Structure formats: structure tokens, C-alpha cells
Amino acid sequence: MQKSSIDSIRQNFNEMVDRFTNIETGQATAIDSPLCMEIVAQTAKAMCPEAQTIMDLGCGGGNYAVKMCEVFPNADYTLIDLSENMIREAERRVSAATKGAVKAICADYKTIDFGYQKYDIITAGTTLHHLRTAQEWESVFGRVYDSLKRGGLFFVNDIVIGETPEIDALMLEGWKSVLRQNVPGEVDFFLKKYETEDTPQTLNYQLDLMREVGFSQTSVLHKHFNFATFVGVKLE
Ligand SMILES: C[S@@+](CC[C@H](N)C(=O)[O-])C[C@H]1O[C@@H](n2cnc3c(N)ncnc32)[C@H](O)[C@@H]1O
């Protein structure tokens, strides 16, 4: 099936800002969303307590960056998102939550230059499943690695596909049960969106790719049905 284009993804998210601007509830369609944000923030604080430069890829309304401001209230934040409406709201919220500088960039992270050894921490919350080809996954992970400082951390929270069709089907059923609880009445809408818009990868594919591009360590921090949170550590 032909998946939706970058313009249609941008348009979709331009109309959904309200769903991505509450850190108490997080994203209703993502499993354990507030817990995962908490895990990322606490792990970041424990592993990189002096972090000063943080980038949030596909930041949406800024939930991950706002959460990071709770533990790094003086850090500088770079926010990247395709959607003009999302990035505007993220910039407003993060500017109110940090004493550091905020740079908001409305762009496609598949092609933008992230720079070299600039960031202590990079987060990507439920966004990389929009990558399509192996070349796109490799390019984003490679540029993330290059743009991290030594000791830097790359956190991913995302939907993942199962390693086998059987496991995938089971995990999908689990997700449907969560959708029925969290967004009753919209389950079919979100499953349709998943089918037409998303191209997730397996958890192992992403952990292996982290290692391939240079990350020395990887850790799974949380996994529930078809959602996972994990981190790559750049030691060299
Ligand atoms: C499901 S939302 C998640 C937002 C936020 N990270 C969160 O956890 O609340 C995915 C976001 O990724 C953005 N996005 C998708 N593909 C992108 C790309 N290639 N470049 C930049 N942003 C992208 C979308 O515009 C959308 O705001």
C-alpha cells in the first residue's frame, strides 16, 4: 500500500495540536505515554546530569521537551517538526519552561543538517515511524549519532512492529484494547491512520541500527505491547 506523503503528514499534524500539548495525559493513543516521558527524563538526569544542549526531533506540541525542562530547566533546546502549528506551540511552551535558549525549526528531519557534536541529548517521541526506507532510517540515526557529543544520549519512544507476524498480531490486539480504553469512538480512525500513514520498524532493527552507526551501548527502558522506549549511548 502507498503510504501517505510528507505533505499529508504535515497537514494531518497541523490539525491535531491539541492532542500533543498535555504532559499529564501525554499522547492518548501511545501506550503508557506519561510514564515513558517520565522514564526518559529520569534516565537522562541520571546518565547525563550536566546536559546543556537538548534536541527534540518531531517535537509535536513539545511534550518531550517540556518534560525534559523539569529536570534540565536551564538547558538550551532545539525543536524540529514538519508542522508549522506544532512547532509554534512547542516553541511557546518550551520557552516558558526553560531559562535557556530555544531554537524552533520547521523542517523535515530526513534532510536537515543536525550539525556535529552539538547535543548532549536527543529525543524522538513517536515520530520515527514516519521514516520509510532503510536509507532514511540509516541517515537519521547516523546524523543523530554525529550530532551528539561524546557521552550523549539518543532516546526513542515509538510504536514498533513484532519480530514475527504472530507476535505482531498479538501486540496489535493489545494496542487495540488500550485504544478502546483511551480513545473510545476513535479506534477505527486511529487504526486507519496507522495503516495509511505509519511504517514502523522492529525494536531489534532500531537497536541494531544504533550499534551500526556507532552507539556503544543500547538499553530498552520500557516495552508494553507494540510500544517501546529505548536509549543509545555514544561513548566515543
Ligand atoms: C505523533 S506526533 C508526536 C509528537 C511529540 N514527539 C510527542 O511525543 O508528543 C509526531 C510528530 O512528528 C512530526 N514529524 C513526522 N515526520 C517528520 C519529519 N520527517 N520531520 C519532522 N517532523 C516530522 C509530525 O509533524 C508530528 O508533529
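This text follows the structure it describes.
Residues numbered from 1 in each chain as written. Predicted model: local features only at pLDDT ≥ 70, side-chain atom pairs only at ≥ 80, totals over all residues. Heavy atoms only, no water.

Draft legend 1. Expanded view of the packing of aromatic side chains. For the structure shown, the criterion picks out nine aromatic pairs. Taken together, a centroid distance of 6.0 Å and an interplanar angle of 25° make the contact between Phe154 and Phe215 stacked. With Phe154 in strand β5 (residues 148-159) and Phe215 in the loop between α8 (203-213) and β6 (217-224), this residue pair connects regions lying 61 residues apart in the sequence. Each member of the pair, Phe154 as well as Phe215, carries the same accessibility label: buried. Measuring from centroid to centroid gives 5.2 Å for Trp175 and Tyr194, while their planes differ by 75°, and the two rings are edge-to-face. In this pair, Trp175 is assigned in helix α6 (residues 165-182) and Tyr194 in helix α7 (residues 187-197), connecting sequence segments 19 residues apart. Accessibility classification places Trp175 together with Tyr194 in one group, the buried group. The ring of Tyr145 is capped by Lys234, whose NZ or CZ atom sits 4.3 Å from the centre of that ring. (Phe/Tyr/Trp six-rings, centres within 6.5 Å; stacked < 30°, edge-to-face > 60°. Helix = DSSP H or I, 4+ residues; strand = E, 2+ residues; numbered from the N terminus. Buried < 20%, exposed > 50% of the residue type's maximum accessible area, 1.4 Å probe, protein only. Lys NZ or Arg CZ within 6 Å of the ring centre and 35° of its normal.)

Draft legend 2. Examining the layout of surface pockets more closely. Quantified by volume, the largest pocket comes out at close to 730 Å³. Phe13, Phe20, Gln27, Thr126 and His130 are, among the 45 residues lining the largest pocket, the residues nearest its centre. Mapped onto the lining of the largest pocket, the elements with two or more residues apiece are α1 (6-14), α2 (33-47), α3 (63-71), β5 and α7. By residue class, the composition of the lining of the largest pocket is 20 nonpolar, 15 polar and ten charged. (1 Å grid on protein atoms, 1.4 Å probe; cavity = no way out; pocket = protein on both sides within 12 Å on 5 of 7 lines; lining within 4 Å. Points joined across faces, edges and corners; volume = space filled by probe spheres on them. Nonpolar A, V, L, I, M, F, W, Y, C, P; charged D, E, K, R; others polar.)

Draft legend 3. Broad picture of the sheet that holds strand β4 (residues 119-125). The seven strands are arranged β3-β2-β1-β4-β5-β7-β6 in an open sheet whose pairing can be described as mixed. Across the chains shown, the open sheet's two edge strands, defined by having one partner strand only, are β3 (102-106) and β6. Taking each pair of neighbouring strands and ignoring which way they run, the sheet shows an average axis angle of 15°. Pairing geometry for β5 and strand β7 (residues 227-233), over seven bridges, is antiparallel. (Pairing = 2+ DSSP bridges. Axes fitted to C-alpha atoms, helices over the stretch in contact; angles between N-to-C directions.)

Draft legend 4. Fine view of the site of the ligand. As a structural note, the neighbourhood of the ligand is formed by 21 residues, with Gly58, Asp81, Asp108, Gly125 and Thr127 the closest of them. In this structure, Leu82 approaches the ligand through a main-chain N or O atom, which is 3.2 Å from a nitrogen atom. Look at the ligand: alone it shows 600 Å² of surface, and the protein chains cover 98% of it. Listing elements by their share of the shell around the ligand, those giving two or more residues are α1 and α3. Its residues assigned to classes, the shell around the ligand comprises nine nonpolar, nine polar and three charged. (Near = heavy atom within 4 Å. Polar contact = N/O pair within 3.5 Å; in protein donor to acceptor, adjacent residues only side chain to side chain. Areas by Shrake-Rupley, 256 points an atom, 1.4 Å probe, with all protein chains shown as cover.)

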